[in-house]
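Chain by chain, the residues:
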Amino acid sequence: MKNDTAQYKTGMVMIPDISGFTDFVINTNMFIGKYITESLLKSIIDSNTLSLEVSEIEGDAILFYKYHKIPSFGTTLTQIEVMYNNFRREISRLSLQLSMEIPLSLKIIVHYGPFTKYKIGRFEKLYGAPVVEAHKMLKNHIAKFPPYALFSDAFLKANFEQPAKATIEYDTCDNCMYLPEIGYIHYL
């Protein structure tokens, strides 16, 4: 086995995930549900102003990533707002077009750390602790009602000139949770 540590890069992982998807799939006509899902996922991908790479589409979620120069916290917030606003507009458009209520919302996870890729056949997958941790963040218990965005402590600390002060206000915040494997998760 050759040593591929040079292929590990530090970067950002962002996962926009559609909330309410399981019930939606179970309770919606398959062809209508497929059409709505495709339209909503396309609205998220088309909203990618940061030129994030798409690793994969995982049913109701898109795994985006970016190596090296990660966007600032402010720019990332703007990206999230664009994704959310376009998602909401698409929900409204589809609701009118199909004359139905679409009970879906969006949650977005942002994390940071070292990860790499591996390839099997034509499939390329991300690999590393930050990828697993970002998926764990999706299963949180602090954010009860979407829409919301969760930022890991690692992402916030990578974004501020004085990392020690970057999250000090969150140590006692009501909208935060500490996960031992990840650190603080910040809810916006």
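Now for a quick tour of the structure. (Residues numbered from 1 in each chain as written. Predicted model: local features only at pLDDT ≥ 70, side-chain atom pairs only at ≥ 80, totals over all residues. Heavy atoms only, no water.)

1. Let's talk about the pattern of salt bridges
To be explicit about the condition: Every case where a carboxyl oxygen of Asp or Glu lies within 4 Å of a side-chain nitrogen of Lys or Arg is listed as a salt bridge. Here a helix means four or more residues in a row that DSSP labels H or I, a strand means two or more in a row labelled E, and each is numbered from the N terminus. Exposure is judged per residue with a 1.4 Å probe applied to protein chains only, and the accessible area is read against the type maximum: over 50% gives exposed, under 20% gives buried, and values in between give partly exposed.
Enumeration according to the criterion identifies seven salt bridges in this entry. With a shortest N-O distance of 3.8 Å, Lys 107 and Asp 17 are connected by a salt bridge. Linking Lys 107 in strand S4 (residues 105-120) with Asp 17 in strand S1 (residues 9-19), this pair joins segments that are 90 residues apart in sequence. Both residues of the pair, Lys 107 and Asp 17, count as buried.

2. Section: unusual backbone geometry
One non-glycine residue, Ser 51, lies in positive phi territory at about 55 degrees. Relative to the helices and strands, Ser 51 is located in the loop between helix H2 (30-46) and strand S2 (53-57). A residue is classified by how much of its surface remains accessible, and Ser 51, at 54% relative accessible area, is exposed. Of note, Ser 99 is a non-glycine position whose phi angle comes to about 50 degrees, a positive value. With respect to the element layout, Ser 99 can be found in the loop between helix H3 (73-98) and S4. Overall, Ser 99 belongs to the exposed group, its relative accessible area being 65%.

3. Looking at the pairing of S2
Threshold: Paired strands are those between which DSSP finds at least two bridges.
The sheet contact formed by S2 and strand S3 (residues 62-67) spans four bridges and is antiparallel. Bridge pairing in S3 places Glu 56 opposite Leu 63.

4. A look at the environment of Asp 23
Residue position: Asp 23 is located in helix H1 (residues 21-27). Residue classification places Asp 23 among the exposed positions, given a relative accessible area of 53%. Taking the C-alpha atoms as reference, Asp 23 lies 9.1 Å from Pro 103; in sequence the two are 80 residues apart.

5. With respect to the side chain of Ser 152
Let me state the cut-off plainly: Under this definition, polar contacts are N or O atom pairs within 3.5 Å; protein pairs additionally need one hydrogen-donor-capable and one acceptor-capable atom, and for neighbouring residues in sequence, both atoms have to be side-chain atoms.
Positionally, Ser 152 belongs in strand S6 (residues 148-152). Judged by its relative accessible area of 0%, Ser 152 falls in the buried class. Side chain to side chain, Ser 152 and His 111 meet in a polar contact 2.6 Å long.

Structural measurements only, silent on function.
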